[in-house]
Amino acid sequence: MADTMDLVVITGMSGAGKTVAMQSFEDLGYFTVDNMPPALLPKFWELMKENGKITKIALVVDLRSHAFYDQINDMLANLDNTSFVTTKILFLDATDAELVSRYKETRRSHPLAQEGRLMDGIKKERSLLTELRNRAQVVIDTTNLSPRQLREKLFVISKSADHPTFHLEVMSFGFKYGLPIDADIVMDVRFLPNPYYVQKFRNRDGRDQEVYDYVMDNPAAETFYQQFYTMLASIMPQYKQEGKSSVTIAIGCTGGQHRSVAFTERVGKAFAAAGYPVDITHRDVNKRKATVNRS
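Residues numbered from 1 in each chain as written. Predicted model: local features only at pLDDT ≥ 70, side-chain atom pairs only at ≥ 80, totals over all residues. Heavy atoms only, no water.

### Quick look at the side chain of Thr143
Relative to the assigned elements, Thr143 resides in the loop between strand S5 (138-141) and helix H7 (147-162). Of the residues examined, Thr143 reaches a relative accessible area of 14% and is grouped as buried. Reaching out from Thr143, the side chain makes a polar contact with the backbone nitrogen of Thr95 at a distance of 3.0 Å. Separated by 2.6 Å, the side chains of Thr143 and Asp141 make a polar contact. Among residues more than four places away in sequence, those in contact with Thr143 are Asp93, Ala94, Thr95, Glu98 and Arg102. (Helix = DSSP H or I, 4+ residues; strand = E, 2+ residues; numbered from the N terminus. Buried < 20%, exposed > 50% of the residue type's maximum accessible area, 1.4 Å probe, protein only. Polar contact = N/O pair within 3.5 Å; in protein donor to acceptor, adjacent residues only side chain to side chain. Contact = heavy atoms within 4.5 Å.)

### Brief notes about the packing of aromatic side chains
Going through the model one piece at a time under the given rule, you end up with 12 aromatic pairs. Residues Tyr196 and Tyr197 carry aromatic rings whose centres are separated by 5.2 Å and whose planes lie at 85 degrees to one another, so their mutual orientation is edge-to-face. Judged by its relative accessible area of 54%, Tyr197 falls in the exposed class. Taken together, the aromatic side chains of Phe166, Tyr225, Tyr229, Phe271 and Tyr276 make up a single cluster linked through ring pairs. Of note, Arg190 hangs over the ring of Phe175, and the distance from its end group to the ring centre comes to 3.8 Å. Between Arg266 and the ring centre of Tyr225, over which it is positioned, the NZ or CZ distance is 3.7 Å. (Phe/Tyr/Trp six-rings, centres within 6.5 Å; stacked < 30°, edge-to-face > 60°. Lys NZ or Arg CZ within 6 Å of the ring centre and 35° of its normal.)

### Considerations on the pairing of strand S2 (residues 31-34)
Where S2 lies against strand S3 (residues 56-60), four bridges are found, and the strand directions are parallel. Looking across to S3, one finds that Val33 is bridged to Leu59. (Pairing = 2+ DSSP bridges.)

### Some thoughts on the sheet that holds strand S4 (residues 85-93)
Pairing within the open sheet is parallel, and its five strands lie in the order S2-S3-S1-S4-S5. Unpaired on one side and paired on the other, S2 and S5 mark the two borders of the sheet. Averaged over all pairs of adjacent strands, the angle between strand axes in this sheet comes to 20 degrees, irrespective of strand direction. With eight bridges joining them, strand S1 (residues 5-12) and S4 adopt parallel strand pairing. Note that in S4 the partner of Thr11 across the bridge is Phe91. Contacts from helix H1 (residues 18-27) reach S1, S2, S3 and S4, with the element oriented near 160 degrees to S1. Where helix H2 (residues 41-51) meets the sheet, it contacts S1, S2, S3 and S4, and its direction lies at approximately 160 degrees from that of S3. (Axes fitted to C-alpha atoms, helices over the stretch in contact; angles between N-to-C directions.)

### Quick look at the pattern of salt bridges
Applying the stated rule across the entire model yields 16 salt bridges. Where Arg151 meets Asp27, a salt bridge forms, and the shortest distance between an N and an O atom there is 2.9 Å. With Arg151 in helix H7 and Asp27 in helix H1, this residue pair connects regions lying 124 residues apart in the sequence. For Arg151, a relative accessible area of 27% translates into the label partly exposed. A residue is classified by how much of its surface remains accessible, and Asp27, at 52% relative accessible area, is exposed. For the salt bridge of Asp205 with Arg207, the shortest nitrogen-to-oxygen distance reads 2.9 Å. A residue is classified by how much of its surface remains accessible, and Arg207, at 45% relative accessible area, is partly exposed. (Salt bridge = Lys/Arg side-chain N within 4 Å of Asp/Glu carboxyl O.)

### Focus on the environment of Ser260
Note that Ser260 resides in helix H10 (residues 259-273). In sequence terms Ser260 and His282 are 22 residues apart; their C-alpha atoms lie 8.7 Å from each other. Not counting the four nearest positions on each side in its chain, Ser260 is found in contact with Ser172, Phe173, Val189, Ile251, Gly252 and Cys253.

### So, the packing of helix H4 (residues 96-106) against helix H5 (residues 118-128)
Where H4 meets H5, the closest approach of the two axes is 10 Å, and the angle between their N-to-C directions is 130 degrees. Between H4 and H5, the angle falls in the class oblique. Viewed along their axes, H4 and H5 form a crossing whose handedness is right-handed. Here Asp96, Leu99, Val100 and Tyr103 of H4 come into contact with H5, specifically with Leu118, Met119, Ile122 and Arg126. Its residues assigned to classes, the contact of H4 with H5 shows six nonpolar, no polar and two charged. (Parallel < 35°, antiparallel > 145°, perpendicular 65-115°, else oblique. Left-handed = near helix turned anticlockwise from the far one by under 90°. Nonpolar A, V, L, I, M, F, W, Y, C, P; charged D, E, K, R; others polar.)

### Some thoughts on H2
Along H2, the positions that sit buried rather than exposed are Leu41, Phe44, Trp45 and Met48. The arc that holds the buried residues of H2, viewed along the axis, is 100 degrees, so those residues lie on one side. Turned more than 90 degrees away from the buried face of H2, the exposed residues are Pro42, Lys43 and Glu50. Of the residues flanking the end of H2, it is Gly52, one or two places downstream, whose phi is positive at about 75 degrees. (Arc of directions from axis to C-beta.)

Structure below.
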């Protein structure tokens, strides 16, 4: 029998991509079970222990079995006290607007709104899942991810789990498109002069050297960067010590194309130079609108 089993609990909002996640973990060699009632878990573990050959398991736990939901937290508490199971909770989320759009597209009914409005079901589900989301080691916002992109992200996370290492996600975003719901730290750089109002920069972004220099040459930008990076560098060891496998730093401006992109590039590359594994992404850099753009 294997000494320990790795368990990934896949949960989150209905419509946020749990089916894609389950299929992805199956492709990664996990034994997957969808929507198992928590009361059956003790017998399931006995079967796994007797088998002895299965070392990686992924369970999908959500509100489709609403009658069993009150048992989920007890199930997770019991797993925390089990020496032969190493548990990681993966929570998939998306904005309310995106969830509504996906339900409209598939014409499926929400498990908590079969006799009511879709938004009522989504709000109720979000409230019920708050504690579970807070317990999750990994939270992924799938609002702007295609199924293929979600699979790729899960494959990266799985490789990190096989070779545990603390890593950083540094991302830019535009406040006009909403806050990134998977961010651990959010910073606003809208206090800096906006390159949008310089005609030659309007259709470029913060990865362009001239735009980058325009943002960073401002004395206020340099002062802010030094203070911000010093603060981040001082707290990352504490995040690591608390058991976080990753930290997402989100830097925002109005449209997510100029100021936030430049700062994300600088912060991300500084941490990479300091030896941290870093993934730099720009959530809204391609959402430029032809008529109105206030990055």
